[in-house]
Structure formats: C-alpha cells, structure tokens
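Per-entry structural report
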Amino acid sequence: MISRDFIGLMLRSSPCPQGEVSVSKHVAAPSFETPALRRAPQDEDGAARSILLICALIGALASTTTVLPAAEIPPNERKSGYDFMGPESRAMQDDDTANPASLWVLDGEALWKRKAGAANKSCADCHGEASETMKGVAARYPAFNATRGRPVNLDQQINMCRAERQQATPLPLEGKELLALNAYVARQSRGMPINATIDERTRPFLEAGRTMFYRRQGQLNFACAQCHDDNWKEKLAGSPITQAHPTGYPLYRLEWQNVGSLQRRLRNCITGMRVDNYPLGANELVDLELFLMWRARGMPMEAPAVRP
Amino acid sequence: MARTLINVPPKAKKGEVIAIKTLISHEMETGYRHDNVGKAIPRDIITQFVCTYNGLEIFRADLFPAIAANPFISFFTIATASGAFEFKWTGDNGFSQTETANITVE
C-alpha cells in the first residue's frame, strides 16, 4: 500500500504530465481526495465545499428521521399488515379454503392428536381439545417460563413440551411440523386481542426488545423504528413499509411460498439492515418478539395470516 | 398424500352458478433451481388438474413450472343435478391424488 504522503510527493515531483497521469491511473482509487486537495488552493476549497455539501445532505436526510426520538404510533393509528394489502391478498386471508396456511393448520391438527416420544403421549392427551384449551394462548406469547427464567415463544414452548412431557426429540425450528403445530395452536386465538403478559419478571426482557427496536445497528446504521414507527406511510422498493405488528404469525408469505415464523421474518429484516444476524431461537429475537407483541397489544390475532 | 382443501357449496338451486375452490399442498419445484453445492434440483410439479361432475369433465388445467407452490385453482360451473365432483391432480414422479365432494341440487 502506498502512503498518502508518498503520493503527494510523487505528484509534486512529477517531471512531466505523463508521470502525473500514470500516478493517478494507478493509485487514484485508494487516495482520491489527497491529490485533489493538494493540487491547488481553489481545488482545496472546492473539495471542502463538496464535503460540506455531502455532510449537509446527510444531515438533512438524517434529520427527517432522527431530530425527534422515534415516536410510538398512537393506538388509534395502528394498522395490521392486512390493512396495507391489496384486495386479492385480503381475499386469500379472509377465506380459509383459499388461505394456503390452512393446509398447515390441518397438518397441525393431525400432529396434535398423534402420539409421540418415549411417553407415547399426544398433545391432546394433556391439553384435550385445542379449540377450548388453546383459545387465546398464542395471543399471550412470548410468555415467562420459570425453568428458563425468561420469556419463551410458542415454538420454544411446544418443543419444551415435546422434550419434557412427550420425551421426544424437539422439532427443528422453521420445519414443517413445528410450523404446522404452531399454526394450529395460533389458529385457536384468531380474533382475540394480543395480550402478552408484562410484569416484573418479563419487563427486563421487554426493555431489551425495546432497546433493540430503537437501536441503530448494522452497516446501514438503521433502527427498526426508523422504518416502522417513522416511515410506515412510505414505500420501500414499491412495497408498503407497514408498522410491523406481528398479528398473524405464523403466516403464509407469498414470497416464501411457505408458512414462516415471526423469527424468520425478523431475520429477513435484520439481513436487509446488514446486521450480523441472530440465529433462529436466539434470546435477542425472542425479546424483540415480546416487544413487538406488547407494541401490538389489543390488536386482533389473524393467525395464520397471508402476506405478500 | 398431499393435503387438500376443497370448497364446494353443499347445496345449490338447479341452474345456479356456483364457485368451486381447490387448494393442494405441493412444492412445485421448478427444476430450474440449484442447491447450495450447485447440484440441479429435479423438477417436481403437478402437471394436470381435472374436475368431473357426475362423470362429465367440466374443467381441466395444465400446470407448468411457473405456477407457485400449493396451487389454488378456482372456477365456476352450473349446478345441474345432485351428485359428486371428482378432482384429480397428476404430476411428476407418479404424483396422483383424487378427492371428491358432494352437492345437493334442489
């Protein structure tokens, strides 16, 4: 690597124009501003002016989103992703026989009744009829788990049940079976208000999720709130940004051609922000789930929803 | 066996136009994709869907790799007589599935 001083020296001591051309040709990229600033005083002013202009532009862009700390969306202005969808996608969600996620719900119903593990027990052997016992359960998750000393999401709870009560191997995260069971359980809460329990045990995790939502991170230096609190009326690459209320998970996303969990969706966004991503099941993601469910408190559950 | 969902109205008046909706779980693997080591993933799609109404074919569709996973097919017919609709999906690797739904026409 040639140092900047060396380039300057070469420029100043160039005996002929060709020398200068060859220098700029070979080393211009890593030292763009240095020769320009040193060439002449008026150039220096020009370069300084353009740097100031760029700073001002960045400042102006940033100020539209960061002069005020990101404001929470007032309850009466909250919208589900459903409200941002076109009529065709809404029709798919509204009709269970057109909603592809119904196929997962049916699979989940079969799994609910299937005996598994060394204990040879099905979910139904303990929990009975899901339409009664699971009503409203998904609307309360992530919920505090005393054994783990922290909130767990529904996927984790299902796998804990499998490991402890059925003595079966946990289902792989984002696998078809776990999504099916989750969709079946979540379906029993459709229409019920989202109601994650916030008390002294879960509050620290809620706050951790909140911090993550408002913290700028990644190569793009973005916070979740910059899109989902401040710019949800705008579009990103032609698509509505939306308010990021997790009302319908697990849901069928047309882009995925599959059912996916909230964590899969979060990891999508996090990759887009160019953040070193968190693995599926990471505590950070569960904290963020808890915060998002608290943020969507009172909104009706749509699971399993359809999204573009 | 693939999971299916059929929506046929259980009752209709004679001469009424009825909507029929079908959904089937299927990967619809295009054959154009490669796995993470560069190996081509072989095509695996449903190639044909046929619906008969009391033995008479009323709807047929050919499916191609551009059709999304879990194909949803909806169409209309006129309720002529009580009886059964039969739905048959066939595809690659010997895929074949048949479902029926009954209708009462008054």
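What this report covers is the structure whose coordinates are included nearby. The structure presented is a predicted model; accordingly, all values stated were derived computationally and were not measured. Position labels on residues start from 1 in each chain and follow its written sequence. All chains are assigned letters beginning with A, and all ligands numbers beginning with 1, in the order in which they are written. Local features are withheld for residues below a pLDDT of 70 in this predicted model, meaning they are given only at 70 or higher, and side-chain atom pairs are given and counted only at 80 or more; totals for whole chains, interfaces and linings count all residues.

A few words now on the overall build of chain A. The numbering of helices and of strands both runs from the N terminus, where a helix is a DSSP run of H or I of at least 4 residues and a strand a run of E of at least 2. When helices and strands are tallied, chain A shows 14 helices and seven strands. For the exposure call, what matters is how many other C-beta atoms sit within 10 Å of a residue's own: 20 or more marks it buried, 12 or fewer exposed, and in between partly exposed, using C-beta atoms placed from the backbone. When each of the 308 residues of chain A is scored for burial, the buried share is 31%. Any pair of residues counts as being in contact when their C-beta atoms, constructed from backbone geometry, are within 7 Å of one another. Look at the contacts in chain A between residues 6 or more apart in sequence, and 72% of them connect residues 24 or more apart.

The subject of this paragraph is the nonpolar core. Considering soluble globular proteins, one finds that nonpolar side chains tend to be buried as a cluster. If you look at the biggest cluster of nonpolar residues, it comprises 59 residues, and the most contacted ones within it are Ala 101, Trp 104, Ala 138, Ala 183, Leu 251 and Ala 303 of chain A. If near-sequence neighbours (up to four positions away) are discounted, Ala 138 of chain A is found in contact with Leu 154, Val 185, Ala 186, Ser 189, Met 301 and Ala 303 of chain A. As used here, a nonpolar core is made of buried Ala, Val, Leu, Ile, Met, Phe, Trp, Tyr and Cys residues. They are joined through C-beta atoms within 7 Å.

Strands in a sheet are paired, the pairing made by backbone hydrogen bonds, and the direction either parallel or antiparallel. Residues and elements named next belong to chain B. Paired strands, in this sense, are two strands between which DSSP finds at least two bridges. Strand order in the open sheet made by the three strands is 1-3-6, with antiparallel pairing throughout. The two strands at the open ends of the sheet, each matched to only one other strand, are strand 1 (4-7) and strand 6 (72-78). The mean inter-strand angle of the sheet, taken between neighbouring strand axes irrespective of direction, is 15°. For strand 1 and strand 3 (residues 17-24), the ladder comprises four bridges, and the chain directions are antiparallel. Across the sheet, the residue bridging to Leu 5 is Leu 23, located in strand 3. All axes are obtained by fitting lines to C-alpha atoms, using only the stretch in contact for helices, and the reported angles, taken between N-to-C directions, cover 0 to 180 degrees.

Residue and element names in this part refer to chain A. At a minimum axis distance of 7 Å, the contact between helix 6 (residues 101-113) and helix 10 (residues 176-187) shows a crossing angle of 95°. One way to sum up the angle between helix 6 and helix 10 is to call them roughly perpendicular. Mapping the contact onto sequence places Ala 101, Trp 104, Val 105, Asp 107, Gly 108, Glu 109, Leu 111 and Trp 112 in helix 6 and Glu 177, Leu 179, Ala 180, Leu 181, Ala 183, Tyr 184 and Arg 187 in helix 10. Reported orientations rely on four angle classes, namely roughly parallel under 35 degrees, roughly antiparallel over 145, roughly perpendicular from 65 to 115, and oblique for the rest.

As a further point, take unusual backbone geometry. Residues Tyr 249 of chain A and Pro 250 of chain A are joined by a peptide bond in cis, for which omega reads -5°. With omega at -10°, the peptide bond leading from Ala 303 of chain A into Pro 304 of chain A counts as cis. Mapped onto the elements, Pro 304 of chain A comes out in the loop between helix 14 (283-295) and strand 7 (306-307). Residue Asn 120 of chain A is not a glycine yet carries a positive backbone phi of 50°. Note on placement: Asn 120 of chain A falls in the loop between helix 6 and helix 7 (123-127). Asn 120 of chain A gets classed as exposed once you count the C-beta atoms within 10 Å, which come to 11. For Met 28 of chain B, which is not a glycine, the phi torsion comes out positive at approximately 50°. Within the secondary structure layout, Met 28 of chain B lies in the loop between strand 3 and strand 4 (46-53). On the neighbour-count criterion, Met 28 of chain B (21 C-beta atoms within 10 Å) is buried.

Turning to the interface of chain A and chain B, a few remarks are in order. With nine residues of chain A at the contact, the number on the chain B side is 10 residues. Counting residues per element, the side of chain A that touches chain B draws most heavily on helix 6 of chain A, at four residues. Counted by class, the side of chain A that touches chain B contains four nonpolar, four polar and one charged residues. Amino acid classes used here: Ala, Val, Leu, Ile, Met, Phe, Trp, Tyr, Cys and Pro are nonpolar; Asp, Glu, Lys and Arg are charged; the rest, including Gly, are polar.

A few words now on the pairing of strand 3 of chain B. One ladder, built from seven bridges, connects strand 3 of chain B with strand 6 of chain B; its direction is antiparallel. Paired with Ile 18 of chain B across the strands is Thr 77 of chain B, a residue of strand 6 of chain B.

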